[in-house]
Amino acid sequence: MIDESPLYLGFDLSTQQLKGIAITSDLKVAYEAVFDFDADATGFGIKNGVLTNEAEDEVYAPVTMWLQAIDAVLQRLQDKGIDFGRVRGISGAGQQHGSVYWSEDGEHALQNLHEGKSLEAQLHHAFSYPYSPNWQDSSTQKQCDSFDRHLGDEVQLALHTGSKAHHRFTGPQILRFRSKHPDAYSKTSRISLVSSFLASVFVGKIAPIDIADVCGMNLFDIKAGSYNQKLMALAAGPSDLESKLGHVPEDGGGSFGEVQKYFVRRYGFNPSCTIAPFTGDNPSTILALPLRPLDAIVSLGTSTTFLMSTPHYKPDPAVHFMNHPTTSGLYMFMLCYKNGGLAREQIRDALPPTPPGISDRWSLFNYHATHTRPLGASIESSPAKIALYFPRPEIVPNVQAGIYRFTYTGQQPTVSSPSAWKLPEDDCRAILESQLLSLRLRSRGIVAPPSPNPQNVPAQPRRVYLVGGGSRNTAIAKLAGEILGGVEGVYRLDVGGNACALGSAYKAVWAVERKPGETFEDLIGSRWREDEFVEKIADGYQEEIYRMYEKGVDGLEAVEKSVLEEQARDVGKASTTGAGQV
């Protein structure tokens with residue numbers, strides 16, 4: 001019997017690979033295929049998916065390499081037996097902030113593809129510039145300074161666009177591209193993000209930019225729901241940048257149109273297959289778990305990322321706000337830290353040899369972390385021990401590399417002498433407290449108490465989900481509940497390495513199968529099998545210790561302020577000294 005049940009495709013175009021996943025209406029993965037750029041691409045000379053120009057801090061990728069990958073992934077899915085005629089909807093995710101520059105011939109080429117030739121062969125001439133800046137690019141400091149000043153300061157820029165200026169953001173990248181490659185810019189007809197580039201290939205015309213992904217540009221005024229014309233003029237001068245970027249539809253589940261005939265004729269897609277909006281990798285990740293408002297995801301890898309779905313728009317230069325990719329009235333709150341697992345590992349490695357009865361160094365780290373009192377205080381009224389641990393220069397806060405240990409009594413923090421700490425043992429709990437207190441400090445303005453709230457529980461996340469390698473550390477899970485709270489507890493979320501592609505596939509299901517007014521959370525939440533992906537691993541909110549850590553939040557804020565002021569004084573002294581030298 002022929003299976004004619006619908007399938008939905010989700011794609012994830014990341015830095016190092018293109019992944020495609022096919023799922024059923026009940027969200028089960030049926031097929032998947034991957035094209036690894038380093039291992040599988042031919043003719044580009046890339047390393048780790050990109051090319052680099054170290055002299056100018058440029059990191060970029062060849063756009064035609066992605067075209068090669070699209071055909072390859074579809075062929076590999078077909079080799080595994082997928083019937084593309086069953087596919088009713090397609091969505092995708094792209095690495096955020098990257099830009100693709102189409103020539104005047106680009107859209108004509110998209111509309112006139114022949115099934116007998118590859119995408120790479122037919123579209124290699126469709127671009128005014130053959131490369132896309134990668135999120136690792138840091139060549140735009142001068143342009144970022146201009147963006148931060150243009151509306152007054154970085155606070156005003158964040159208020160309007162959700163973020164202060166960042167090297168990787170598309171607005172500063174366009175400004176630099178226009179300055180460095182004026183001829184190529186003058187020949188640019190349209191500009192896509194990586195996500196909308198991928199959508200454009202599937203729909204056969206330049207696709208709109210997604211309502212969430214557009215917030216990673218420093219160009220879109222989130223509250224106004226339109227591009228900020230002052231920032232657009234800064235990025236593009238007298239040219240009409242808005243016509244190059246195109247209209248941004250508000251419906252994250254609307255249709256961009258039907259699949260391009262190239263895919264119908266070459267691979268057997270159903271001609272009525274819907275192309276839904278493609279979004280960025282971070283928004284797509286948040287869709288892999290149908291988060292309810294005020295659920296939080298903490299990604300614990302080499303770096304640390306904090307994601308939350310919230311109805312509260314309270315931007316700050318230290319954080320990122322974006323429109324939610326599917327749900328009007330919600331925002332996506334994001335924190336990104338350079339220092340995460342590396343800092344924890346350095347403290348683990350500084351511990352003495354593992355004693356008898358403890359199996360490994362992580363077990364020893366966890367023992368000290370959980371057998372040290374909160375904030376290193378012998379009694380609640382004792383001074384709190386608070387430290388910052390930054391093997392790499394940090395961006396939240398903007399602090400130089402180093403370890404900064406303090407004691408805090410509720411007044412001005414005091415730099416600690418080594419004798420005030422039992423080292424390295426005290427560092428085990430202090431590093432976890434430092435990282436988690438920073439999350440609580442920066443998210444406290446967007447959380448809310450549970451409703452109803454007869455016990456007067458303070459504002460906090462509903463649930464805290466841990467993902468990544470650190471999610472298996474029992475001490476981190478325990479302290480996450482004590483510090484961040486979570487009225488329903490702390491959970492481990494494990495969707496493997498497929499989060500972006502799954503989120504995209506879920507988006508395609510919702511776009512095609514939703515009833516009028518049915519939200520993403522309602523449709524996907526009713527089909528999502530929590531027991532397959534989620535495990536409760538620690539208690540969340542505990543009144544006494546949660547309130548005790550209010551002192552820790554205030555202390556961390558004071559410590560960061562003290563370190564930043566000291567750094568500013570050092571810079572001032574260096575500047576004064578340098579000015580007097582001949």
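Just so it is clear, the structure is predicted and the values come from calculations on it, not from any experiment. All residue numbers here refer to positions counted from 1 along the written sequence of the relevant chain. Where totals are concerned, whole chains, interfaces and linings use all residues; where local detail is concerned, this predicted model gives features only for residues with pLDDT of at least 70, and gives and counts side-chain atom pairs only at 80 or more. To obtain the side-chain values, all non-hydrogen atoms of the structure were used and water was disregarded.

Trainee: Can you walk me through the overall build of the chain in this structure?
Mentor: To qualify as a helix, a DSSP run of H or I must reach at least 4 residues; to qualify as a strand, a run of E must reach at least 2; elements of each kind are numbered from the N terminus. Summing up its helical and strand segments, the chain has 21 helices and 26 strands in all. Exposure is judged per residue with a 1.4 Å probe applied to protein chains only, and the accessible area is read against the type maximum: over 50% gives exposed, under 20% gives buried, and values in between give partly exposed. Out of the 582 residues in the chain, the part that is buried amounts to 58%. Here, two residues are considered to be in contact whenever any of their heavy atoms come within 4.5 Å of each other. Sequence-distant contacts in the chain: of pairs separated by 6 or more residues, those separated by 24 or more amount to 71%. Every accessible area reported is derived by Shrake-Rupley at a probe size of 1.4 Å, with residue values counting cover from the shown protein chains alone. For the chain, the accessible surface area stands at approximately 23,700 Å², while carbon and sulfur atoms represent 49% of it.

Trainee: How should the UniProt feature "domain: Carbohydrate kinase FGGY C-terminal" (unreviewed entry) in the chain be read in this particular structure?
Mentor: UniProt positions are given in the numbering used here, feature names are shortened, and annotations may be inferred rather than shown by experiment. Under the UniProt annotation, "domain: Carbohydrate kinase FGGY C-terminal" (unreviewed entry) lies at residues 297–511. For residues 297–511, the end-to-end C-alpha separation is 24 Å, with 30% helix and 23% strand making up the annotated structure.

Trainee: Would you mind going over the sheet that holds strand β18 (residues 331–337) with me for this structure?
Mentor: In this scheme, strands are said to pair when DSSP sees at least two bridges between them. Here we have 7 strands laid out as an open sheet, ordered β17-β18-β16-β15-β24-β25-β26, and mixed in their pairing. One side of each edge strand has no neighbouring strand; the edge strands of this open sheet are β17 (320–323) and β26 (534–538). Pairs of neighbouring strands in the sheet enclose a mean axial angle of 25 degrees, with direction left out of account. Here 5 bridges tie strand β15 (residues 296–300) to strand β16 (residues 304–310), and the two strands are oriented antiparallel to one another. Residue pairing for β16: Ala296 is matched across the bridge by Met308. Interaxial angles span 0 to 180 degrees and are taken between N-to-C directions of axes, which are lines fitted to C-alpha atoms, for helices over the stretch in contact. Against the sheet, helix α16 (residues 425–443) contacts β15, β16 and β18, and its axis sits at roughly 145 degrees relative to β18.

Trainee: So what exactly am I meant to see when it comes to unusual backbone geometry here?
Mentor: With the exception of glycine, the majority of residues adopt a negative phi angle, and the majority of peptide bonds are in the trans configuration. The step from Leu423 to Pro424 runs through a cis peptide bond, and the omega angle for that step is 5 degrees. Tracing the chain through its elements places Pro424 in the loop between β23 (414–415) and α16. With a phi close to 75 degrees, Leu27 is a non-glycine residue in the positive phi region. Its place among the elements puts Leu27 in the loop between β2 (17–24) and β3 (29–36). Its identity as a non-glycine residue notwithstanding, Asp57 has a phi of 60 degrees, on the positive side. Locating Asp57 in the fold gives a position in the loop between β4 (51–53) and β5 (58–62).

Trainee: When you look at the packing of helix α5 (residues 141–150) against helix α10 (residues 229–236) in this model, what are you seeing that I'm missing?
Mentor: The description of two helices packed together rests on the angle between their axes and the distance between the axes. Orientation of α5 relative to α10, taken along the N-to-C sense of each, is 155 degrees, at an axis distance of 10 Å. Regarding the angle of α5 to α10, the classification is roughly antiparallel. Viewed along their axes, α5 and α10 form a crossing whose handedness is right-handed. Seen from α5, the contacting residues are Ser146, Phe147 and His150; seen from α10, they are Lys230, Leu231, Leu234 and Ala235. Polar here means any residue outside two lists: the nonpolar Ala, Val, Leu, Ile, Met, Phe, Trp, Tyr, Cys and Pro, and the charged Asp, Glu, Lys and Arg; Gly therefore counts as polar. By residue class, the composition of the contact of α5 with α10 is 4 nonpolar, 2 polar and 1 charged. Orientation labels follow simple angle bins: below 35 degrees gives roughly parallel, above 145 gives roughly antiparallel, 65 to 115 gives roughly perpendicular, and whatever is left gives oblique. In a left-handed crossing the near helix is turned counterclockwise from the far helix by less than a right angle, and in a right-handed crossing that turn is clockwise.

Trainee: Explanation requested: the pairing of β2 in the structure shown.
Mentor: Side-chain direction in a regular strand flips from residue to residue, so the side chains alternate between the two faces of the sheet. The buried fraction of β2 is high, at 7 of 8 residues. With 7 bridges connecting them, β2 and β3 associate as antiparallel partners. The residue bridging Ile21 from the neighbouring strand is Glu32, located in β3. The turn joining β2 and β3, which pair antiparallel and follow one another in sequence, is formed by 4 residues; a positive phi near 75 degrees is taken by Leu27.

Trainee: So what exactly am I meant to see when it comes to the pattern of salt bridges here?
Mentor: It is possible for side chains bearing opposite charge to pair when their charged atoms get close. Salt bridge, as applied in this entry: a Lys or Arg side-chain nitrogen positioned within 4 Å of an Asp or Glu carboxyl oxygen. Applying the stated criterion across every chain yields a total of 27 salt bridges. We note a salt bridge from Asp251 to Arg514, for which the minimum N-O separation is 2.7 Å. Remark: Arg514 occurs in the loop between α18 (499–513) and α19 (520–527) and Asp251 occurs in the loop between α11 (241–245) and β12 (257–258); sequence separation between them is 263 residues. Taking relative accessible area as the criterion, Asp251 reaches 36% and is therefore assigned partly exposed. For Arg444, the salt bridge goes to Glu557, with nearest N and O atoms at 3.3 Å. With Arg444 in the loop between α16 and β24 (464–467) and Glu557 in helix α21 (residues 543–579), the pair connects residues that are 113 residues apart, well separated along the chain. Judged by its relative accessible area of 39%, Glu557 falls in the partly exposed class. Several salt bridges converge on common partners, so that one network encompasses Asp295, Arg462, Arg463, Glu488 and Glu530.

Trainee: Help me out: how do you make sense of the pairing of β24 in this one?
Mentor: Because side chains alternate across β24, one face comprises the buried residues Val464 and Leu466, and the other comprises Tyr465 and Val467, equally buried. Crossovers are described as right-handed under a simple rule: with the strands pointing away from the observer, the path leading from the first strand over the helix to the second runs clockwise. Following the chain from β24 across helix α17 (residues 474–484) to the adjacent parallel strand β25 (residues 490–493), one finds a crossover that is right-handed.

Trainee: Whenever I open this one, the nonpolar core confuses me. Can you help?
Mentor: What tends to happen in soluble globular proteins is that the nonpolar side chains get buried as a cluster. Take the buried Ala, Val, Leu, Ile, Met, Phe, Trp, Tyr and Cys residues and link them wherever side-chain atoms come within 4.5 Å; each set so joined is a nonpolar core. Leu219 and Leu241 are the most contacted members of the largest nonpolar core, which has 126 residues in total. When sequence neighbours within four positions are dropped, the list of residues in contact with Leu219 reads Phe147, Thr161, Gly171, Ile174, Tyr227, Asn228, Leu231, Met232, Ala235, Leu241 and Leu245. With 57 residues, the next largest nonpolar core counts Leu9, Ala33, Val63 and Ile82 among its residues.

Trainee: I tried to follow the environment of Tyr267 on my own but got confused; where do I start?
Mentor: By the secondary structure assignment, Tyr267 is in helix α12 (residues 261–267). Sequence spacing of Tyr267 and Gln78 is 189 residues, and the spatial spacing of their C-alpha atoms is 7.8 Å. The residues touching Tyr267, leaving out its near neighbours within four places in the chain, are Asp71, Leu74, Gln75, Gln78, Phe84 and Tyr262. Here Arg266 takes part through its side chain, which lies 3.2 Å from a polar atom of the side chain of Tyr267. Identification of polar contacts relies on pairs of N or O atoms within 3.5 Å, with a donor-acceptor requirement for protein atoms, meaning one able to donate a hydrogen and the other able to accept it, and with residues adjacent in sequence counted only if both atoms are side-chain atoms.

Trainee: How should I be thinking about the environment of Gly481 in this particular structure?
Mentor: Along the chain, Gly481 turns up in helix α17. Spatially, the C-alpha atom of Gly481 lies 6.0 Å from that of Tyr541, the residues being 60 residues apart in sequence.

Trainee: Hey, could you run me through the sheet that holds β5 in this one?
Mentor: As summarised here, the arrangement of the 3 strands in space is β4-β5-β8, forming an open sheet in which the pairing is antiparallel. Unpaired on one side and paired on the other, β4 and β8 (131–133) mark the two borders of the sheet. Taken pair by pair, the neighbouring strands of this sheet meet at an average axis angle of 35 degrees, ignoring direction. Docked against the sheet, helix α2 (residues 63–79) engages β5 and β8, running at close to 40 degrees with respect to β5.

Trainee: Sorry, what's going on with the packing of aromatic side chains here?
Mentor: How two aromatic rings sit relative to each other is set out by the distance from centre to centre and by the angle between their planes. Each pair of aromatic rings taken from Phe, Tyr and Trp, with Trp reduced to its six-membered ring, is defined by centres within 6.5 Å and is described as stacked if the planes are under 30 degrees apart, edge-to-face if over 60, and tilted in the remaining cases. Tallying each qualifying case throughout the model produces 29 aromatic pairs. Measuring from ring centre to ring centre gives 5.3 Å for Tyr541 and Tyr546, while their planes differ by 75 degrees; the resulting arrangement is edge-to-face. Judged by its relative accessible area of 4%, Tyr546 falls in the buried class. Pairwise contacts between aromatic rings join Phe11, Phe84, Phe202, Tyr262, Phe263, Tyr267, Phe269 and Phe278 into one cluster.

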